[in-house]
Amino acid sequence: QVQLVESGGGLVQAGGSLRLSCAASGNIFSIDVMEWYRQAPGKQRELVATITSVGNTNYADSVQGRFTISRDNSKKMVYLQMNSLKPEDTAVYYCMITFTGPPYNRWGQGTQVTVSS
């Protein structure tokens, strides 16, 4: 059974930083794409950042230049470094990992990020 556990959320003032982590555990053959999503109250879940198996990254326009996604394949972890946080970044953040052999994905439980003005 594959599980994802997230950590690193919290309350921070505008302009501050947080680093989210997501660890995968269980019977894992290999990991393909790793992603971070977020969902603010009353809004749909949106894709924030993506990192491929070879390290290519992509970001939502709203976080470009402020957030950095990275991964450690040996530890089966993905990270989201969030700088220059804004109140509109407030949301529950979820990691989503796509595994191979055969392809399937799993979601983390979510971690709350609150940015005060």
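Coordinates for the structure precede this section.
Quick summary incoming for the structure in this document. In this text the structure is predicted, and so the values were computed from the model without any measurement.

**Some points on the state of the cysteines**
Within this structure, the stated rule accounts for one disulfide. Covalently, C22 is tied to C95 through a disulfide, its sulfur atoms 2.0 Å apart. Between C22 and C95, the disulfide has an S-S torsion of 55° and is therefore right-handed. One end of the pair, C22, is in strand 3 (residues 18–25); the other, C95, is in strand 9 (residues 91–100), and 73 residues separate them in sequence. Per residue, the accessibility class of C22 equals that of C95, and both read buried.

**Describing the nonpolar core**
Ranked by size, the top nonpolar core spans 30 residues in total, and within it W36, L80, M82 and Y93 carry the most contacts. Counting residues per element, the ones that place at least two in this core are strand 3, strand 4 (30–39), strand 5 (46–51), strand 7 (67–72), strand 8 (77–82), strand 9 and strand 11 (111–116). In terms of residues, this core owes the most to one element, strand 9, which gives five residues. Beyond its immediate stretch of four places on either side in the chain, M82 contacts G16, S17, L18, L20, R66, F67, Y93 and V113.

Cut-off values and rules
- Residues numbered from 1 in each chain as written.
- Predicted model: local features only at pLDDT ≥ 70, side-chain atom pairs only at ≥ 80, totals over all residues.
- Heavy atoms only, no water.
- Disulfide = S-S within 2.5 Å.
- Helix = DSSP H or I, 4+ residues; strand = E, 2+ residues; numbered from the N terminus.
- Buried < 20%, exposed > 50% of the residue type's maximum accessible area, 1.4 Å probe, protein only.
- Core = buried A, V, L, I, M, F, W, Y, C linked by side-chain atoms within 4.5 Å.
- Contact = heavy atoms within 4.5 Å.

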